[in-house]
Amino acid sequence: MRVMVLHASGQPLQREERAIPIPDAHQLLIKVLACGVCRTDLHLVDGELPQAVLPRVPGHEIVGEVTAVGADVTPDWVGKRVGVPWLGWTCGECTFCRSGRENLCDRARFTGCHLDGGYADYTVADAHFCFPIPDALSATEAAPLLCAGLIGFRALQMAKGARHLGLYGFGAAAHLAIQVARGRGQQVYAFTRPGDSEGQAYARTLGAEWAGPSDQPPPHPLDASLIFAPVGALVPLALEATVKGGCVICAGIHMSDIPGFPYRLLWGERSIRSVANLTREDGTAFFAELRHTPVHSDVTCFALDDANQALASLRAGQVKGAIVLIP
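Residues numbered from 1 in each chain as written. Predicted model: local features only at pLDDT ≥ 70, side-chain atom pairs only at ≥ 80, totals over all residues. Heavy atoms only, no water.

A.B. asks: Hey, could you go over the overall build of the chain for me, with residue numbers and the actual values?
C.D. replies: Scanning the chain from N- to C-terminus turns up nine helices and 17 strands. Taking 20 Å as the expected radius of gyration for a compact globule of 327 residues, we find that the chain reaches 19 Å, a close match to that expectation. Projected onto its principal axes, the C-alpha coordinates of the chain cover approximately 55 × 40 × 35 Å. A burial count over the chain gives 52% of its 327 residues as buried. When the accessible surface of the chain is totalled, it reaches about 14000 Å², and 51% of it is carbon and sulfur. If you average the places of the 27 positive and of the 32 negative side-chain charges in the chain, the two averages end up 5 Å apart. (Helix = DSSP H or I, 4+ residues; strand = E, 2+ residues; numbered from the N terminus. Rg over C-alpha atoms; globule rule 2.2 N^0.38 Å. Buried < 20%, exposed > 50% of the residue type's maximum accessible area, 1.4 Å probe, protein only. Areas by Shrake-Rupley, 256 points an atom, 1.4 Å probe, with all protein chains shown as cover. Lys, Arg positive; Asp, Glu negative; His and termini not counted. Charge placed at Lys NZ, Arg CZ, Asp CG, Glu CD.)

A.B. asks: Tell me about the packing of helix α4 (residues 148-158) against helix α5 (residues 172-183), and name the residues and values.
C.D. replies: Here α4 crosses α5 at 50 degrees, and the two axes come no closer than 8 Å. Relative to α5, the element α4 lies oblique. Crossing of α4 over α5 shows right-handed handedness. Seen from α4, the contacting residues are Ala 148, Gly 149, Gly 152 and Leu 156; seen from α5, they are Ala 172, Ala 173, Leu 176, Ala 177, Val 180 and Ala 181. Along the lines of polarity and charge, the residues of the contact of α4 with α5 split into eight nonpolar, two polar and no charged. (Axes fitted to C-alpha atoms, helices over the stretch in contact; angles between N-to-C directions. Parallel < 35°, antiparallel > 145°, perpendicular 65-115°, else oblique. Left-handed = near helix turned anticlockwise from the far one by under 90°. Contact = heavy atoms within 4.5 Å. Nonpolar A, V, L, I, M, F, W, Y, C, P; charged D, E, K, R; others polar.)

A.B. asks: How would you summarise the UniProt feature "domain: Enoyl reductase (ER)" (unreviewed entry) in the chain if you had to cite specific residues and measurements?
C.D. replies: The feature "domain: Enoyl reductase (ER)" (unreviewed entry), as given by UniProt, occupies residues 10-325 in the numbering adopted here. Counting secondary structure, residues 10-325 comes out at 24% helix and 26% strand; the distance between its end C-alpha atoms is 20 Å. (UniProt positions renumbered as here; feature names shortened; annotations may be inferred.)

A.B. asks: Can you break down the pattern of salt bridges residue by residue, with the values?
C.D. replies: Going through the model one piece at a time under the given rule, you end up with 14 salt bridges. Between Arg 2 and Asp 305 there is a salt bridge whose closest N-O contact spans 3.3 Å. Of this pair, Arg 2 sits in strand β1 (residues 2-5) while Asp 305 sits in the loop between β16 (299-303) and α9 (307-316), and the two are 303 residues apart along the sequence. The residue Glu 289 makes a salt bridge to Arg 184 at a minimum N-O spacing of 2.9 Å. One end of the pair, Glu 289, is in helix α8 (residues 280-290); the other, Arg 184, is in the loop between α5 and β11 (187-192), with 105 residues separating them in the sequence. By relative accessible area, Glu 289 is classed as buried at 13%. (Salt bridge = Lys/Arg side-chain N within 4 Å of Asp/Glu carboxyl O.)

A.B. asks: Mind laying out unusual backbone geometry, listing which residues take part and the relevant values?
C.D. replies: Along the chain, Leu 54 connects to Pro 55 via a cis peptide bond; the corresponding omega equals 0 degrees. With a phi close to 60 degrees, Glu 269 is a non-glycine residue in the positive phi region. By the element assignment, Glu 269 lies in the loop between β14 (242-250) and β15 (271-274). Phi is positive for Asn 277, close to 65 degrees, though the residue is something other than glycine. On the secondary structure map, Asn 277 appears in the loop between β15 and α8. On the basis of relative accessibility, which here comes to 15%, the residue Asn 277 falls in the buried class.

A.B. asks: Break down α9 for me, with residues and values.
C.D. replies: Turning to α9, its buried residues are Ala 307, Ala 310, Leu 311, Ser 313 and Leu 314. Around the axis of α9, the buried residues are gathered within 160 degrees of arc, so they sit on the same side. Just downstream of α9 lies Gly 317, where phi reads positive at about 65 degrees. (Arc of directions from axis to C-beta.)

A.B. asks: Please give an account of the side chain of Thr 123 that cites residues and values.
C.D. replies: When you line up the elements, Thr 123 lands in strand β8 (residues 122-126). Judged by relative accessible area, which is 4%, Thr 123 ranks as buried. A distance of 3.4 Å separates the side chain of Thr 123 from the backbone oxygen of Asp 116, its partner in a polar contact. Among the polar contacts listed, one links the side chain of Thr 123 to the backbone oxygen of Gly 117, at a separation of 3.3 Å. Apart from residues no more than four positions distant in its own chain, Thr 123 is found in contact with Leu 28, Leu 29, Ile 30, Val 32, Ile 62, Asp 116 and Gly 117. (Polar contact = N/O pair within 3.5 Å; in protein donor to acceptor, adjacent residues only side chain to side chain.)

A.B. asks: I'd like to hear about the state of the cysteines, residue by residue, with values.
C.D. replies: Applying the stated criterion to the full structure yields zero disulfides. You can see Cys 35 has no disulfide; the closest cysteine sulfur is in Cys 38, sitting 9.6 Å from it. Residue classification places Cys 35 among the buried positions, given a relative accessible area of 0%. Here Cys 147 stays free of any disulfide, with the sulfur of Cys 38 as its closest cysteine sulfur at 3.9 Å. The exposure class of Cys 147 is buried, given its relative accessible area of 7%. (Disulfide = S-S within 2.5 Å.)

Pasting the structure below:
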């Protein structure tokens, strides 16, 4: 099978040939049908994830067909379509795991970071951490839901009850989150890089009440904001636009340093929170909500061999919505 491998930070992925893996006792062997290209993959390539173990096959938004199973997995998995998310394994024993916060497990292993991911023809994954993919979704539509969708959903859960919601950074996660938020009756205000009139117009087509540059205030104070862009300087700007008692939620795995800001921006019981990874419960709840609030993934597809070009397009912000690799 083909794999695209990161051997060292800052280097292009290398195309290699490997034997198709044999699943361990609890694993599924999955023929990859589609794999999303996530901003976390850029952080991996850029060396901004110190926990990563290299060399590594990236990719943690995987949709594929199960072709074989390990000894402890029931054979009825074979032939099913499954999704493989970022969370690939947890210990199940620590305080975090036993209190419903497995996303914070200190021993957790993540797909495309500690475990080889979906930039490949085949991959293996623990059956306990895979999701069934609804028949109504194509593989390319479903792939971005497994991280961009799930992280956006977890962030939205923290902003439940916020009537006026800000989204900072309008990429793959935001283009899905806005659809869920609108389904919940929330009014959404989208912020993009200054000068990105095309991105602002795109946000309005997806139902944004207002879209504008991140260095300008919205026309209405915000009850909560989700920051998807990895830019720490957006935190004080979002706080400035947030009402008393509101929350600013940082939804990325990596962010540049947050600059100093006056206490008055935080005072009034405003808060700053972060989203770390996801739980399997998030996946179950997210796909349940999609049954009555369907979302559409805007997808640009690249061939597996063009993974480096796909990453470059993501870095340059050249694509609306999400990017997906097709083996």
